[in-house]
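As a plain string of letters, each chain reads:
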Amino acid sequence: MSAISDFYISDEDIDLKNDEKVVENILHPNKAHRKKKTQESRSKLQISNFTINNHKPIHADQDLILEPKTKHSKIKNKVEKSKKKTFTLPKPLEKPKADRVKRLVNYEKNRFLFDRWEAFVASNRAQAHQTFPLESVKKLKETVKSAVNFEKDLTYKSKLQLEIEKLNTEVEEYNIQEDVNENEEVTLTLKELKERRKELSKLRAHQRYKEAKLRRQNKIKSKKYHRLLRKEKIKQKLNEFEILQKTNPEEALKKLEEIEKARVLERFSLRHKGTSQWAKSKQVRAKYDKESRQMLAEQLQISKDLTQKKKVESDSEDDASETEQSLPSNTGENPWTRGPKVDQEVSEFLNSFKKFQSKLHKTKQDNEDNSTKNKDTDVQMNESLDNECLEETNDEIDIKKPKKKGKTEKQHKILPTNVLKKVQSSQDDKKNLKRSDKKLNLINKKKLEDVEDILTNVENKLKQRIEKGESKNARKARQVGQSQPIKKKKVTKKIDLSMPSQNKKQVIDEEMIEQPVNSNPQIDSSEMNGSIDALKTILNVETNSKSQIKDSTTDKVKPKTTNLVFTLPNLIVENDQEEDTNQVMIEAFEDDDIAKDFSKEKKAEVENDKPHDIDLNLPGWGSWAGTGIKLKKQRKRRRFIVKMPEVLPRRDDNKGSLIINEKAAVKIKSHLVSDVPFPFKTVKDYECSIRAPIGNSFVPEIAYRKYIKPAIQTKMGTIIEPVNTKVLMGVPN
Amino acid sequence: MKVKVISRSADQYLRNTKLEIHKVFRNFDPDLHPFSDAREYTRALNAVKLEKVFAKPFLGNLDGHRDSVACIAKHPTRLSSLVSGAFDGEVRVWDIPQRLCVREFVAHNGIVRGVTYTPKGEHFITIGDDKTIKTWNSLMPQFGEEDEPVNTVLSKTVVTSLSHQKKSNIFATSGEVVQLWEANRNQPLKTYEWGVDSLHDVAFNMVEPNVFGACASDRSIILYDARDKGPLRKVIMKLRSNKIAWNPMEAFIFTCANEDYNLYTFDTRNLKKPVNVHMDHVGAVTYVDYAPTGKEFVSGSYDKTIRIFTADHGHSREIYHTKRMQRLTCVHWTLDNKFIISGSDEMNIRIWKARASEKLGPMNPRERNALRYADALKDKFASHPQIKRIGRHRHVPKHIYNAQKELHVIKKKQKRKEGNRRAHSKRGEVPYVPERAKHVIKEVH
């Protein structure tokens, strides 16, 4: 017991203690002072209200109170636990800090309150039309109600149907088969279920196996393997195509068209032309290495086959067209006769393609007739085939000089009869042999020639297509592989509630053009004052900046033009009648020299367009004699002539007799839109929006009403209340 | 020989009554209307010109106050009634359609700082410079009776502004502190302080009724929660905000009228920077009020003009001014979204149309459709230069024009200087700061 505690102990207590001490001293005078264990005195129970704090927490000493009996162990444990639990409370935060925390928490709570409104606000902003006061609340509640009652209201038959049934009981009923199936499914036994599961697992295993296999195959780097694979695939495709041709000719035809398109693309591209890195390296090696030579030849052969123009059967039409084509070259340089220059190759191709198609059609029709062809066509076929074969041989012979081929071709064309022999003599390659054999056979079999011809072409094209497809797939696969991790990252992004606004209105967020009441917006006063000086300065600037302007004009990006394409039918007749009109033109303008007229007109136009010097001399200046008397050339007079700078060359400067009038659209220019307005991204989109009329003279009444519906409608004399929480889903009202 | 005759039935072209519109037969085949867009463009051009012809927004004024109008309050349930307080302590109740003052009395010693109706419109509360908060009956006193307040409360502190909660009898006043009052108590329910000497405006959120905002003299806007939670957050701007207005349709959006000629729209959940900066005024903006649709708001300024902004646009779509209108003290958008009421320094209350060229009153369907068609055309061709030019052209007083020119010069100069700085300093040293980020100093919590 400490002294302090003693201090508070009552008098009575002190007396008692003293007495005890005295008694003990008397009883055991020799014994050393034995430490006496503290005993809870009765007075201790009366704890003073004012002095708790100074004490250490008093724990009852269980050694003293509780003897080691099993009975007390529980209590012992409890006490121990309570001992562990005690800890002092932390000091409270300072007031400003506490306030800050409180504010933070409250703000976050309110934020959640506001977040509830996000969806409502977003949907409101996106809506194209709104009527105030908002009716959405009512509607929403109604829909909720109807949703609740939906099942009750749902009937299999409508009221009308029921009525009809009452009248006429013999109404046919169609049982839907699916329902029966569903019922069956429900009654599956355990065994069946297990079986089914087994099957499914088998299927899955198979799928996995296939996937794994594909993956393995994809990893194989061997080129040879891939080549073989490709060839196999091509073969398969060809087989498929053949089957298709027999079973479904229309589909086959479609496929053919696709192939034809691929061919066209090939013709435009530089593939298989021997310009690639690989081909060049092979070329280098070709001199010594037979294999590479062969490969190159193959490659070139592919390109030859793909880019080959179809030889057309020589009809009387064809001859006529040829003569027509040759006509304009013979006539003079009358511009009317020339017509628009079409790329020779393209036009030829188009013609050939058309004829090819028609031919296809014919063969389909005539397949059964087995009508014999003219001798002319046979000869032509021969020729074409020979050419093909020859080209092949040429390719093998002189790979390094592909340009020479043309010449040789021409030579052989002149002597078509010799060709066959030559071909036969130059059969080194097995492939060639096969082909030539095939072709020879074809000549013999007149009936089948067309079909076979097509097929041979098809073969090449299919190869081409498949190769392309493969490469594409590979690229895609690679891209997918790359993009996947990025996608995963994106998933974690916050979901955006914003939706595209339903009305695509142009947003013009600009300052108003604000002018004071009495000012003229067009002419500024300063502009009025500066007359000659201003002009001169402008002129000077122009002359100075001439070179710059030149540069800028060359760099200038062409302005976005709005092409008003009317839906009006095109009155210009195409292709077929073109030649006739040309003919007519030639006849009509035989005598006139239109070209000259044009050039004359252009000269006048150019002259007119040139800026003229400004003579600022006033009449009467420098002449004392009055009017009617010839003036001498005076130096002073020259001073008042403002020389105009040289202008930029006209756009039609070196375009022959073409006149480009750049001022034609000046008037309309101020009405044209220069930029695509905000929510639109492309000129096309914007044009579409403009081109669609909305007036009731162009569209039906209902559409018109819909188009002119205003964005915000209010009821006259009705107060618009602010929204309340009833609008929100899940908030009880 | 058979002769073919054109014949048609009378039903197709005759009217049943003379009121019926003549039937017009149209072929809507687009091929037959190759010039449809050109024709519509012409119509749009005419429409936009006519809009200018009919743009006469000023409807009339309520005159009677003998000192500047200090504050106005709209009746929450009646469109025709209005209360206004003046700088001389006078309060007037107006009948708008008749343009008559139906009631006038002196409510306070000194300026009437704020007026507001109770939610049901039975009473209105005024506060004045004499530190009193007085509640008045909306009904006119009987003949011979004098105007007596129903209740008078003496506040311990100065009160400068007043706002009533949407659907309860609680209202807030600002002054040295923000106080929450209940209608029939003489002591404030709560008092909020957050280290500010004076607050000059307070406004309750109209959607979430327990949140309200206040503008303080330390250039800050403070958000409060009325449910014994005290202030929530504070955002300090470069210059002081004069007035705060909550969007009635978008709970978390509010706009404040600032001393730096701009208005700022904030999202309560992200106060770091405003959602939008609305420019165009050339003087301190003193008042802002939202249209009940929440799509637009109107602002009054010290530059003697009223401007109407589309809520999500940075520039105004309309400017109203008259020669005699002086500094604006308050502008309100009526609850039917049709009119704007403005009170200004020169003792008049003015009534304007919210859309300058709108035709008021009932219309027959054809007329209405024609006007709607014109509007639709204007929207369709809005970005065509001529239509844009005509539609956005406004005459303004010379002082506005000159001030604007001056501001342009100032802005240009600042931009140039910044550009120069950027050009002559290390890369990234002078960053590009978006306009929205320029005006907020910090967000305090």
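Presented here is a report on the structure given in the accompanying data block. Model, not experiment: these values are computed from the prediction. (Residues numbered from 1 in each chain as written. Chains lettered and ligands numbered in written order. Predicted model: local features only at pLDDT ≥ 70, side-chain atom pairs only at ≥ 80, totals over all residues. Heavy atoms only, no water.)

1. Side note on the packing of helix α2 (residues 36–54) of chain B against helix α4 (residues 385–392) of chain B
All names here are of chain B. Here is the rule: Here the axes come from fitting lines to C-alpha atoms, over the contacting stretch only for helices, and the angles between their N-to-C directions go from 0 to 180 degrees. Only DSSP runs of H or I reaching four residues or more are called helices, and only runs of E reaching two or more are called strands; each is numbered from the N terminus. When describing relative orientation, an angle under 35 degrees is termed roughly parallel and one over 145 degrees roughly antiparallel, while 65 to 115 degrees is termed roughly perpendicular and anything else oblique. For this analysis, residues touch if any pair of their heavy atoms sits within 4.5 Å.
Two elements in contact, α2 and α4, have axes whose closest approach is 9 Å; the angle formed by their N-to-C orientations is 10 degrees. The angle between α2 and α4 falls in the class roughly parallel. Facing Tyr 41, Ala 44, Leu 45, Val 48, Lys 49, Glu 51 and Lys 52 of α2, the residues of α4 in contact are Gln 386, Ile 387, Ile 390 and Gly 391.

2. What to know about a nonpolar patch on the surface
All names here are of chain A. Quick note on the threshold: A residue counts toward a patch only above 30% relative accessible area and without a salt bridge, and it is joined to like-charged neighbours within 9 Å or, for Val, Leu, Ile, Met, Phe, Trp and Tyr, to nonpolar neighbours within 5 Å. Methods summary: accessible areas were calculated by the Shrake-Rupley approach with a probe of 1.4 Å, and residue burial reflects only the protein chains presented. A carboxyl oxygen of Asp or Glu within 4 Å of a side-chain nitrogen of Lys or Arg is what we treat as a salt bridge. Buried residues are those whose accessible area, probed at 1.4 Å on protein chains only, stays under 20% of the maximum for their type, while exposed residues exceed 50% and partly exposed ones sit between those limits.
On the surface, Leu 93, Val 101, Leu 104 and Val 105 cluster together into a nonpolar patch covering about 320 Å² of accessible area. With respect to the secondary-structure elements, Val 101 resides in helix α5 (residues 95–115). What makes Val 101 partly exposed here is its relative accessible area of 44%.

3. Notes on helix α12 (residues 249–268) of chain A
Condition: Multiply 1.5 Å by the residue count of a helix minus one, and that product is the helix's expected span.
For α12 of chain A, built from 20 residues, the straight-helix expectation of 28 Å at 1.5 Å per residue is met to within 8% by its first-to-last C-alpha distance of 29 Å. Within α12 of chain A, burial applies to Ala 252, Leu 256, Ile 259, Glu 260, Ala 262, Arg 263, Val 264, Glu 266 and Arg 267 of chain A.

4. Structural notes on the pairing of strand β7 (residues 123–128) of chain B
Residues and elements named next belong to chain B. Condition: Strands pair, by our definition, only if DSSP identifies at least two bridges between them.
Burial analysis of β7 places five of its six residues in the buried class, which makes it a mostly covered element. Pairing analysis gives five bridges linking strand β6 (residues 112–117) to β7, with the strands arranged antiparallel. For Val 112, the partnering residue across the bridge sits in β7 and is Gly 128. Hairpin connection, β6 to β7: the antiparallel pair is bridged by five residues, and Gly 121 has positive phi, about 80 degrees. As judged from the five bridges shared by β7 and strand β8 (residues 132–137), these two strands associate in the antiparallel manner. The residue bridging Ile 127 from the neighbouring strand is Ile 133, located in β8. Here β7 hands over to β8 after three residues, with Lys 131 in that stretch at a positive phi of 65 degrees.

5. Some remarks on the sheet that holds β6 of chain B
The strands making up a sheet associate through backbone hydrogen bonding, with each pair oriented either parallel or antiparallel. Residues and elements named next belong to chain B. Strand order across the open sheet formed by four strands is β6-β7-β8-β9, with antiparallel pairing between neighbours. Edge strands, defined here as strands with exactly one partner in the open sheet, are β6 and β9 (151–154). Averaged over all pairs of adjacent strands, the angle between their axes in this sheet comes to 15 degrees, without regard to strand direction.

6. Observations concerning the sheet that holds strand β16 (residues 220–225) of chain B
Overall, antiparallel pairing links the five strands, which are arranged β14-β15-β16-β17-β30 (chain B) in an open sheet. The sheet is open, and its two edges are formed by β14 (199–204) and β30 (440–444) of chain B, each paired on a single side. Across the sheet, the mean angle from the axis of one strand to that of its neighbour is 20 degrees, orientation sign disregarded. Bridging between β14 of chain B and strand β15 (residues 211–216) of chain B involves five bridges; their strand directions are antiparallel. Following the sheet pairing, Val 202 of chain B is matched in β15 of chain B by Ala 214 of chain B. Contacts from α5 of chain A reach β15, β16, β17 (230–237) and β30 of chain B within the one sheet, and its direction differs from that of β17 of chain B by about 90 degrees.

7. Quick look at α5 of chain A
How we decide: Starting at the helix axis, one direction is taken to each C-beta atom, and the arc is that of these directions.
Taking 1.5 Å per residue as the helical rise, α5 of chain A with its 21 residues ought to reach 30 Å, and the 30 Å between its terminal C-alpha atoms agrees with that figure. Within α5 of chain A the residues assigned to the buried category are Arg 103, Asn 106, Tyr 107, Asn 110, Leu 113 and Phe 114 of chain A. Looking straight down α5 of chain A, one finds that the buried residues subtend no more than 110 degrees of arc, so they occupy a single side. Taken together, the buried residues of α5 of chain A touch α6 (118–126) of chain A together with β15, β16, β17 and β30 of chain B.

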